[in-house]
Amino acid sequence: MYEKRLGDAGYINFILARTNNRGDGLLTALHKDYFRVINHRGLQLNDIGDRVAQLIHVKLLFPYSQNRSNNVRQELLIVNTHLLFPHDSSLCLVRLHQVYEILHNVESYQTENKLNPTPIILCGDWNGSKRGHVYKFLRSQGFLSSYDTAHQYTDTDAQRWVSQRNHRGNICGVDFIWLLNPNRYRKLLKTSWNEAVFGMFKYLLQRASLTETDAFAFLKADSEGNYITYSGFCEALRQLNLAGHPYVLTDEEIKDLWFQADIDGNGVLDYKEFQQRIWNASRSEDPDQRADNSSDTQNIVHTISFSVKNAVFFPAEVEKGKWPEHYSLSHHARLTVVFLAVRMPCSQPVF
């Protein structure tokens, strides 16, 4: 029914079912008067919680109609997804895996197609709040929450708005439309991933009521010296449910984490390395205060970027942190964002 009605209204529909016959999926509808679809692909995450994502590469048809300069890139990438619900803490890593894999596919698409700097918009049901690891991971990659940007809310304003009453009856803010402009600073994706996993590692240690020194002793286990061995590191990950069963860290990922933590490369982690890489993982930078100063670029191209003109939730009560009892259309509030396209000079990457 909705396909015909959307089609009659001028929308092009992209539908992607979840893997393993789960019965639901994703719909992205783009109005043909505003977008020309250049390419699209479905991302199958059947080995990471049976989830999917859509990646759609589009060209805007209208922002610079008054200025038909051929050197202004008017393309963007749109991603739609629905992350796994965190039924328990063991699924937090699965959700992080899903986002990492999506961003890795976006990066691969950009490289394969030798794209110039391009805005990226992520949307969908994120099933996680501003306190979660996924939120922090996306912020470390330079993404902005469009609603929070429009209302000048900070990362710590977690209770200012809500957007869902979930199946447990809990009211929380989980719906985001994320924006990454071409001039935003981005850490290497692998760096953000490692920091996010170490952050989760620390969170689980603290949840077990371990202080910094207690946590070091826990990881050190039966080591004969005042250091953490690789086997002790792996055992700690297993005891914290980050390794040893499906949908957790792979052997390769564990080795990569160990390589990052072992700063001097001597095969063990001393207390200083534990502090620097695990307990105080580098998450203190303000992503809103960083500019892209990448040196591996050449030439200057003009592209579009977006500012957030307005963002609203419906029903309006959720913007004040309340869920209206009379609202029965959905267990999610509707988020609408108005973006303003502006021209921006950016460095052209070398491929």
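The model shown is predicted, which means the values in this text are computed figures rather than measured ones.

> What's the story with unusual backbone geometry in this structure? I'm lost.
If a residue is not glycine, its phi is most likely negative; likewise, a peptide bond is most likely trans. Cis rather than trans, the peptide bond between Phe 314 and Pro 315 has omega equal to 5°. By the secondary structure assignment, Pro 315 is in the loop between strand 12 (297-314) and strand 13 (334-349). Even without a glycine there, the phi angle at Lys 114 is positive, about 50°. Inspection of the secondary structure assignment puts Lys 114 in the loop between helix 2 (92-112) and strand 7 (120-125).

> For this particular structure, what's the right way to read helix 5 (residues 189-207)?
Because the α-helix completes a turn every 3.6 residues, residues three or four places apart line up on one side. The terminal C-alpha atoms of helix 5 lie 27 Å apart, and with 19 residues this matches the ideal 27 Å at 1.5 Å per residue to within 8%. Listed as buried for helix 5 are Leu 189, Ser 192, Trp 193, Asn 194, Glu 195, Ala 196, Val 197, Phe 198, Met 200, Phe 201, Leu 204 and Leu 205. Where helix 5 is buried, its residues meet helix 2, helix 3 (133-140), helix 6 (212-220), helix 7 (230-239), helix 8 (251-261) and helix 9 (271-279). After helix 5 finishes, the residue Ser 209 shows a positive phi value of roughly 65°.

> What is the right way to look at the state of the cysteines in this model?
A full pass over the atoms with the stated rule returns zero disulfides. Left without a disulfide partner, Cys 123 is nearest to the cysteine sulfur of Cys 172, which lies 19 Å away.

> Just checking my understanding: could you explain the nonpolar core for this structure?
The nonpolar side chains of a soluble globular protein tend to be buried with one another. If you look at the biggest cluster of nonpolar residues, it comprises 88 residues, and the most contacted ones within it are Phe 201 and Phe 233. Leave out the neighbours within four places in its chain, and Phe 233 touches Phe 198, Phe 201, Leu 219, Ile 228, Ile 254, Leu 257, Trp 258 and Ile 278.

> I tried to follow the sheet that holds strand 11 (residues 178-180) on my own but got confused; where do I start?
One open sheet holds the six strands; their spatial order is 3-4-6-7-11-8, and the pairing between them is mixed. Looking at strand neighbours, the two that pair on one side only are strand 3 (35-45) and strand 8 (144-145), the edges of this open sheet. Bridge analysis of strand 6 (residues 75-82) against strand 7 gives six bridges, and the strand direction is parallel. Opposite Val 79, over in strand 7, you have Leu 122 as the bridge partner. Helix-sheet contacts for helix 2 involve strand 3, strand 4 (51-60), strand 6 and strand 7, and the interaxial angle to strand 3 is about 135°.

Calculation criteria
- Residue positions are given per chain, counting from 1 as you read along its sequence in written order.
- Restriction of local features to residues with pLDDT of at least 70 applies here, the model being predicted, together with a cutoff of 80 or more for giving and counting side-chain atom pairs; totals for whole chains, interfaces and linings are based on all residues.
- Neither water nor hydrogens contribute to the side-chain values; these are computed over all heavy atoms in the structure.
- Secondary structure elements are taken from DSSP: a helix is a run of H or I of four residues or more, a strand is a run of E of two residues or more, and numbering for both begins at the N terminus.
- A helix is expected to span 1.5 Å multiplied by its residue count minus one.
- Think of it in three bands: residues with accessible area under 20% of the maximum for their type are buried, residues over 50% are exposed, and the middle band is partly exposed, with areas taken using a 1.4 Å probe on protein chains only.
- Only heavy atoms enter the contact rule, under which two residues are in contact if any of them lie within 4.5 Å.
- Any two cysteine sulfur atoms lying within 2.5 Å of each other are counted as a disulfide.
- Only buried residues count toward a nonpolar core, which is a set of Ala, Val, Leu, Ile, Met, Phe, Trp, Tyr and Cys residues joined through side-chain atoms within 4.5 Å.
- DSSP calls a pair of strands paired once it identifies at least 2 bridges connecting them.
- Between N-to-C directions, angles cover 0 to 180 degrees, with each direction set by a line fitted to C-alpha atoms, over the stretch in contact for helices.

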